Amino acid sequence: MKQVLTIAGSDCSGGAGIQADLKTFAAHGVYGMSVIVSVVAENTQRVIGAQTVSPTLIADQLQAVFEDIQVDAVKIGMLPSKSAMETVARELKERKPRNIVLDPVMIAKNGFALMDSTLAQSLADLVLPYADMVTPNIPEAEVLADMRIDSIEDMQEAARRIHGFGPPYVLVKGGHRSDAAADLLYDGNKMLWFTAKRIDTKNTHGTGCTFSSAIAANLALGKPIEKAVEDAKVYVTMAIEHALSIGKGCGPTHHFYDIYNNGLAR
């Protein structure tokens, strides 16, 4: 069994962050491990508060995993402080894991800032050079690329700018646009689009975490980049289509709908 590590924040309501990542890993038949960098008190309606884990404990968690267990892929989500970024970057440099997918989480679904936007440059300088793929949504790509994104051409330019920070692949997710749910994958040479039908639902809590974790799981399973993204897109679309009306706000996606109906694909 392949083993995948998530480095992210904890969502006590279970829809995003570490919890969404581990559910996604399980749905793909890979063994999930976690390093928690922040404990977030949130539900489907709001974020009540968050507390950052100390850099020492983040480093200890990373050591505990890497010294004992083979890591076939890494998903990185919320990194709430410069010290957390420095700690993770240092471990990535030393351990040199493969298949690193960075989801630059900045804002919760309800608008709560999970990372100060002034830290975007630190994220770009410290962590992006170690990522094999970075998966910003439109608002995150605007911050990282330092530009407004109002069109397909803007998405392409943002991808070029973010690629300049070092990651071999940039996936700009178009879910925040009003047209089809089209995501742009850029490898420094070609632009490749992945399109799915837009699903009319408010229950999209944790979709970014789920998508990036699915890509990491697919890479761990040995799929090439384009196939990993394609299959992850199909998976997250399924999870959104069958999202759960849990809570009073934006409910979570259904990570296990296909497994409950058809079993784990082999």
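Data block above holds the structure.
Along each chain, residues carry numbers from 1 onward, in the same order as the chain's sequence is written. Reporting in this predicted model follows two pLDDT cut-offs: at least 70 for local features of residues, and 80 or more for side-chain atom pairs to be given and counted; totals over whole chains, interfaces and linings ignore these cut-offs and use all residues. Neither water nor hydrogens contribute to the side-chain values; these are computed over all heavy atoms in the structure.

## Quick look at empty space enclosed by the protein
And then number 1: Cavity means a closed set of points on a 1 Å grid over the protein atoms alone, one where a 1.4 Å probe fits but cannot get out, pocket means an open set with protein on both sides within 12 Å along at least 5 of 7 lines, and lining means a residue has an atom within 4 Å of a point. Grid points are joined across faces, edges and corners, and a volume is the space filled by probe spheres set on the points. A full pass over the atoms with the stated rule returns 1 cavity of 30 Å³ or more.
And then number 2: Lining the largest cavity are Tyr169, Leu185, Tyr186, Asp187, Lys190, Leu192 and Glu226.
And then number 3: Three classes are used, and their members are as follows: Ala, Val, Leu, Ile, Met, Phe, Trp, Tyr, Cys and Pro are nonpolar, Asp, Glu, Lys and Arg are charged, and the others, Gly among them, are polar. Of the residues assigned to the lining of the largest cavity, the class counts are 4 nonpolar, no polar and 3 charged.

## Some points on the environment of proline 80
And then number 1: What counts as a helix is a DSSP run of H or I of at least four residues, what counts as a strand is a run of E of at least two, and both are numbered from the N terminus. Along the chain, the position of proline 80 falls in the loop between β4 (73-76) and α3 (82-95).
And then number 2: Each residue's exposure class comes from its accessible area (1.4 Å probe, protein chains only) as a fraction of the maximum for that residue type: buried when under 20%, exposed when over 50%, partly exposed otherwise. Its relative accessible area of 14% is what places proline 80 among the buried residues.
And then number 3: Separated by 29 residues in the primary sequence, proline 80 and glutamine 51 have C-alpha atoms spaced 9.2 Å apart.

## Observations concerning the pattern of salt bridges
And then number 1: Just to be clear on terms, a salt bridge is a Lys or Arg side-chain nitrogen sitting within 4 Å of an Asp or Glu carboxyl oxygen. According to the stated counting rule, one finds 13 salt bridges in the structure shown.
And then number 2: Between lysine 173 and aspartate 103 there is a salt bridge; the shortest N-O distance is 3.4 Å. On the criterion of sequence distance, the pair formed by lysine 173 in the loop between β7 (169-172) and β8 (181-186) and aspartate 103 in the loop between β5 (100-102) and α4 (120-126) is long-range, its members being 70 residues apart.
And then number 3: Exposure remark for lysine 173: the relative accessible area of 8% places this residue in the buried category.
And then number 4: Here aspartate 183 and lysine 233 are joined by a salt bridge, their closest N and O atoms 2.6 Å apart. With aspartate 183 in strand β8 and lysine 233 in helix α8 (residues 225-241), this residue pair connects regions lying 50 residues apart in the sequence. Neither residue differs from the other here; aspartate 183 and lysine 233 are each classed as buried.
And then number 5: Linked through salt bridges whose partners overlap, the residues forming this network are Glu142, Arg148 and Asp150.

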